[in-house]
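Close look at the chain arrangement
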Amino acid sequence: MTSLSVFNLSLDGLPRSKKNSRITDRRTGRSFPSPEYRKWFKDSLALARKAGIPSQAFTKAHIYILFGFDDLRVHDIDNMTTSVLDFIKDIKVIDDDKWTSIGLPNVSFTDSEKSFTKIMVTSGNKRVDEVIDAIKKRRAAAKKVGTKRRASAGTPEKPEVHP
């Protein structure tokens, strides 16, 4: 039985968007996150270090994010979620945020007296493993059937091409 590793972090306030309000250096053309995002990242990193960043990034993980809203201002959940995923990737809690590593994060929200962000990352993602295994089995079966068809038709086997 494998042991479950967990990373928990509670942050005051909501994440700043890494994508919006970027600063562009006109001399080089390079783009940088806004000062608000950099401050949020720095403050969040300090709290993450206190919470205990795992010594090794999770290669497969399940991610839960809960946003607490204290007002009716417009908040872009997509950008906030992306900022959280980029943050936990940048501080090496997760190895990567591709679907084959984390699947889809569970993101929710609630009302609150003060805005907040809670992040929980658990090692492993059984659903991702199940889908990857199913895709591999389907491809192997299709390749086997394709090989039999080509052999019976007397045509040479062609390599699989993926877009």
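Preceding this paragraph is the structure being described.
This paragraph deals with the pattern of salt bridges. Pairs can form between side chains of opposite charge once their charged atoms are near each other. This structure, assessed with the given rule, holds seven salt bridges. Two residues, Asp86 and Lys18, come together in a salt bridge whose shortest N-O distance is 3.9 Å. A residue pair is termed long-range when its members are at least 10 positions apart, and Asp86 in helix α2 (residues 77–90) and Lys18 in the loop between β1 (6–12) and β2 (23–24) qualify at 68 residues. The partner of Arg127 in a salt bridge is Glu130, and the shortest N-O contact between them spans 3.5 Å. With a gap of three residues between them, Arg127 and Glu130 both fall in helix α4 (residues 126–153), about one helical turn apart. For Glu130, a relative accessible area of 37% translates into the label partly exposed.

Turning to α2, a few remarks are in order. Spanning 14 residues, α2 covers 20 Å between terminal C-alpha atoms, matching the ideal 20 Å at 1.5 Å per step. When α2 is considered as a whole, its buried residues turn out to be Asn79, Met80, Thr81, Ser83, Val84, Leu85, Asp86, Phe87 and Ile88. On its buried face, α2 is in contact with β1, α1 (35–51), β4 (61–69), α3 (99–102), β5 (106–111) and β6 (116–123).

A word on the pairing of β4. Note: β4 against β6, eight bridges, orientation antiparallel. Residue Leu66 lies in a different strand from β6, and its bridge partner there is Lys118. The pairing of β4 with β5 spans six bridges and is classified as parallel. For Ile65, the partnering residue across the bridge sits in β5 and is Val107.

On to the sheet that holds β6. Here we have four strands laid out as an open sheet, ordered β1-β6-β4-β5, and mixed in their pairing. Two strands in the sheet have a free side with no partner beyond their single neighbour: β1 and β5. Adjacent strand axes in the sheet meet at a mean angle of 10°, parallel and antiparallel pairs treated alike. Examined bridge by bridge, β1 and β6 share seven bridges and lie antiparallel to one another. Looking at the pairing, Ser10 lines up with Lys118 of β6. Contacts between α2 and the sheet are confined to β1, β4, β5 and β6, with β4 contributing the most and set at about 130° to the helix.

Before going further, it helps to examine the side chain of Thr81. Note on placement: Thr81 falls in helix α2. Given a relative accessible area of 10%, Thr81 falls into the buried group. Look past the residues within four positions of Thr81 in its chain and what remains in contact with it is Ile65, Phe67, Pro105 and Val107.

Taken as a whole and assessed by the stated rule, the structure comprises five aromatic pairs. Ring centres of Tyr37 and Trp40 lie 5.7 Å apart, and the angle between their planes is 40°; on these two criteria the pair is classed as tilted. With Tyr37 and Trp40 both in helix α1, this residue pair falls three residues apart, about one helical turn. Exposure class is identical for Tyr37 and Trp40. Each is buried. Relative to Phe109, the ring of Phe69 has its centre 6.2 Å away and its plane inclined at 50°; by these criteria the two rings are tilted. Of this pair, Phe69 sits in strand β4 while Phe109 sits in strand β5, and the two are 40 residues apart along the sequence. Using a relative accessible area of 15% as the deciding quantity, one classes Phe69 as buried. Over the aromatic face of Phe116 sits the side chain of Lys118, whose NZ or CZ is 5.6 Å from the ring centroid.

The rules we used
Residues numbered from 1 in each chain as written. Predicted model: local features only at pLDDT ≥ 70, side-chain atom pairs only at ≥ 80, totals over all residues. Heavy atoms only, no water. Salt bridge = Lys/Arg side-chain N within 4 Å of Asp/Glu carboxyl O. Helix = DSSP H or I, 4+ residues; strand = E, 2+ residues; numbered from the N terminus. Buried < 20%, exposed > 50% of the residue type's maximum accessible area, 1.4 Å probe, protein only. Expected span 1.5 Å × (residues − 1). Contact = heavy atoms within 4.5 Å. Pairing = 2+ DSSP bridges. Axes fitted to C-alpha atoms, helices over the stretch in contact; angles between N-to-C directions. Phe/Tyr/Trp six-rings, centres within 6.5 Å; stacked < 30°, edge-to-face > 60°. Lys NZ or Arg CZ within 6 Å of the ring centre and 35° of its normal.

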